Amino acid sequence: MDLGNENIDFIKLINIKGNVDNITPHKIAVVAFIREYGLLKLEAKDMIDCTMAPKYRKDFCILALKLIQCPDMEFKELEALLTNGKYNLLSVHLQNFCVRLQNIYVNGINALMDCVTSTIDKLMIEQSETFPCVITRCSVLGFYLRRIMLYLDKLTFVQVASLYKSFCIYYQKGRPGLMMRSLSKEKLNNVEVPTVGAATSPVVPEESKPQELLLKMNIIERDNTFEECQWSRKQAELFTAQQANLMQINEKKAMPAKQLQKIIMQIMNDIPEYPDIHFLSFLNCIRMKEFCGAQDSLYNCFDRAVFNMCGNGNVANDRNKNFRYAALNRAAMHTHFGHKAVAMEGVREALATAQEAADSACLAHAAAWGSLAGGRVRRAALLSRVPRPPRAAASAVQLMAQHAAVNAARPAEVFQIITKGDTINYLHSMTDLTMAGLANTAALWGLYGKTEMASINCQLLLNLNTKCNVGNGSVWQTEGGAAGAGALCAAAWRGRGALAAALASLFGAPQVLAAAAAHRAAAALRADKWEEADQSIRQLASYDRWESQLLRAEMYFLKGDATDALETLHDILDYCKTEDDSLHYMSLRIKAMIMMSEVQHTFSNVRSTNIMLLNEALSLARKYNLHFLAATAEMHIANVQLHMGCTKNALLLVRKVLPLVMEHGSAYDMARGLLLYTKCRVATAPPAGEARTHVLQTCCDALDTVKENFAKVGAQARLLHTWYLQAQLYNDIGNTVARNQCAWMYRQLETQNPVEPMNMLHIIY
């Protein structure tokens, strides 16, 4: 069925109904507020020595704009807003405003109609050349007043009567008279317009509704066809645009998800045919990882968008545009939730319809989502060099850099691609993509094991000036997830737990929460707090399943459960062999292989298998340029060589790798590396004489640094092992005082935090 030719009258009726704003008591109150201010300005012009201070004019304009844009509020909320002292308002203005509302309340429908019509007549119609109108027709207030007048004229008598009844209820639900009583005579005598408002109606000290007015309120009780809405179409459009923009550039400044969804439901109830509010609901559900709600909101959005085509000239083109962007958003949604096969169906549909319509923007976005959802081969095909607009080209560059990095390209080539993308971003002043480029660069440096460079890029991202205007204020555009997660990892990497916890409290992005959970889990494992570690691992599993599995395998290993540890590690390796689209699967695979070698080294006497596994991990790390993981594998190889008796080979290998570990390793890695180097030096020291004493004394001094780093990260078992080793070395030297001090410290720490004997057996590397 061709929707462009059939059922078009029904669609037009829906659109006409959706575009008409309902007149509500709040809008009448806003009109009265504007009216009394305009009358004050007219009276001020007639007086010779009367001026209205700029602060009053400025605050009135700001408040009037807020009242026009915000949804309807209760009368007591309006009273609180006017009297809380945030806005500088003339007391006589508020007094006259209260009198006007009371006049409408007491005198009925005629006073309500007169409030609107007299505002237009007195403030917007030019009386003469010397007395121009106070409010111009094309101003914000002029448009608002004209719209209210237009829609009020279209109301039937029944609807006007119902509007008046709603106004009476609205006024009664407030606190009538409270605002007038709060305006003391002292305030009235101190305002800059002392005589303005003298011609207004006298103030009634306390309104008392006559009994006859109750009959007016019950008018047309049987046929109440007036629809009262809290949100108008314009207010909903502004709210939707602001919240969608905030969720894109600074999610922390957007409304909380639960509160936002509540307002979305209010707007849906008031304007059910407005499609954009359903898309905002879709974005909110995506933020909360709610698949069912996101899917329903997306379908509702594009179903309703079809009904808005009739106002345009080319219905067929508009319908095709809705179809291809619906497919594109469906692909993005399924990619976000990990449904890659279903996402590729949406990508193919979007690509086909975009090629048919020659829509280059849709083609570029579909290619980007296809590269994320389609795997390695499709990514290479979709990221081929085709002409793109600047924004699409800059986005493609980021994906091309990631694709090259995970496919063993040389780091120089990867960062050359990143540089091209940065050039496009700077040339076209695309702040959001500039932040994405810095986050991507930091992630790539971290992938290659250059943590200092990753930390520098995270600091650049955190200190980037990204201030932009949203609505009536300004917010900081932020890549909070990437920057916060990178900074948190850098702090935890250096053993600064307090700083890592402080950074975690500042950011609420999923990446930061995942990094914080991983940091807590690692700290609990080092401190042998198994319940706390298990809880943090479960939290991490909701963000990163396989990273949590790796930590779980480490927990099983440290608890002495070799069977469960090996089973978990085999699951990880099986995933890495079958899944080729994870951007970090190779590093995950190498970490799992190294962990498996640790388990085998501890619980098995077969060293040859262990060496083969570590050599395979080393080969993969070198192939994919994962320098730090390669250094870690070599340190484990040196540890195996040390236990096999190849002490000289172990010492040579440790000396080769240790500078990289000390430069880019964490505090924990530096302590482990230096401890292994100390053991190798002790094993290769001369059997006796002055030379042996010198070597052992040097090793004792190095162990002080080891203890300091282990203490930073709370590695209790390793700290005890270091005190024990240092005591033994001092005993060999003959330094009894130092030996006794080390033994006493060992005893104190063991008493405060006892360590199970099984955990001491795992002190290898």
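Calculation criteria
Residues numbered from 1 in each chain as written. Predicted model: local features only at pLDDT ≥ 70, side-chain atom pairs only at ≥ 80, totals over all residues. Heavy atoms only, no water. UniProt positions renumbered as here; feature names shortened; annotations may be inferred. Helix = DSSP H or I, 4+ residues; strand = E, 2+ residues; numbered from the N terminus. Expected span 1.5 Å × (residues − 1). Buried < 20%, exposed > 50% of the residue type's maximum accessible area, 1.4 Å probe, protein only. Arc of directions from axis to C-beta. Phe/Tyr/Trp six-rings, centres within 6.5 Å; stacked < 30°, edge-to-face > 60°. Lys NZ or Arg CZ within 6 Å of the ring centre and 35° of its normal. Axes fitted to C-alpha atoms, helices over the stretch in contact; angles between N-to-C directions. Parallel < 35°, antiparallel > 145°, perpendicular 65-115°, else oblique. Left-handed = near helix turned anticlockwise from the far one by under 90°. Contact = heavy atoms within 4.5 Å. Nonpolar A, V, L, I, M, F, W, Y, C, P; charged D, E, K, R; others polar.

- In the nomenclature of an unreviewed UniProt entry, the chain corresponds to Anaphase-promoting complex subunit 5 from the organism Euphydryas editha.
- The UniProt entry for the chain carries this comment under Sequence similarities (unreviewed entry): "Belongs to the APC5 family."

Structural notes on helix α23 (residues 451-462)
Moving on, step 1. If you check α23, its first and last C-alpha atoms are 16 Å apart, about what 12 residues at 1.5 Å a residue would give, namely 16 Å.
Moving on, step 2. Residues of α23 that are buried include every one of T451, A454, S455, N457, C458 and L461, and no others. Buried residues along α23 cover an arc of 165° about the axis, so they all sit on one side.

Thoughts on the packing of aromatic side chains
Moving on, step 1. Tallied over the entire structure, the rule returns 16 aromatic pairs.
Moving on, step 2. Ring plane angle 15° and centroid distance 3.7 Å describe the contact between Y37 and F60, whose orientation is recorded as stacked. Here Y37, found in helix α2 (residues 25-46), pairs with F60, found in helix α3 (residues 54-69); they are 23 residues apart in sequence, far enough to count as distant.
Moving on, step 3. The class for F60 is buried, based on a relative accessible area of 3%.
Moving on, step 4. Taking 6.2 Å as the distance between ring centres and 85° as the angle between the ring planes, the aromatic pair formed by F557 and F603 counts as edge-to-face. Taken as a pair, F557 in helix α28 (residues 545-558) and F603 in helix α30 (residues 585-603) lie far apart in primary sequence, 46 residues in all.
Moving on, step 5. In this structure F603 comes out as partly exposed when scored by relative accessible area, which is 36%.
Moving on, step 6. In textbook terms, an aromatic cluster arises when at least three aromatic residues are bridged by ring pairs, as seen for F75, Y105, F167, Y170 and Y171.
Moving on, step 7. Note that R526 overlies the ring of Y668, its terminal NZ or CZ placed 4.5 Å from the centroid.

What to know about the packing of helix α20 (residues 390-406) against helix α21 (residues 411-428)
Moving on, step 1. Interaxial distance between α20 and α21 falls to 9 Å at its minimum, and their mutual angle equals 165°. In terms of orientation, α20 and α21 fall into the roughly antiparallel class. The chirality of how α20 crosses α21 is left-handed. Between α20 and α21, the residues in contact are P390, A393, A394, V397, Q398, M400, A401, A404 and A405 and V414, I417, I418, G421, I424, N425 and H428, respectively.
Moving on, step 2. By residue class, the composition of the contact of α20 with α21 is 12 nonpolar, four polar and no charged.

Considering the packing of helix α5 (residues 91-107) against helix α6 (residues 109-123)
Moving on, step 1. It is the contact of α5 with α6, at a shortest axis distance of 6 Å, that shows an interaxial angle of 145°. Where α5 approaches α6, its residues R100, N103, I104 and N107 are matched on the opposing element by I109, N110, A111, L112 and C115.
Moving on, step 2. For the contact of α5 with α6, the class distribution of residues is five nonpolar, three polar and one charged.

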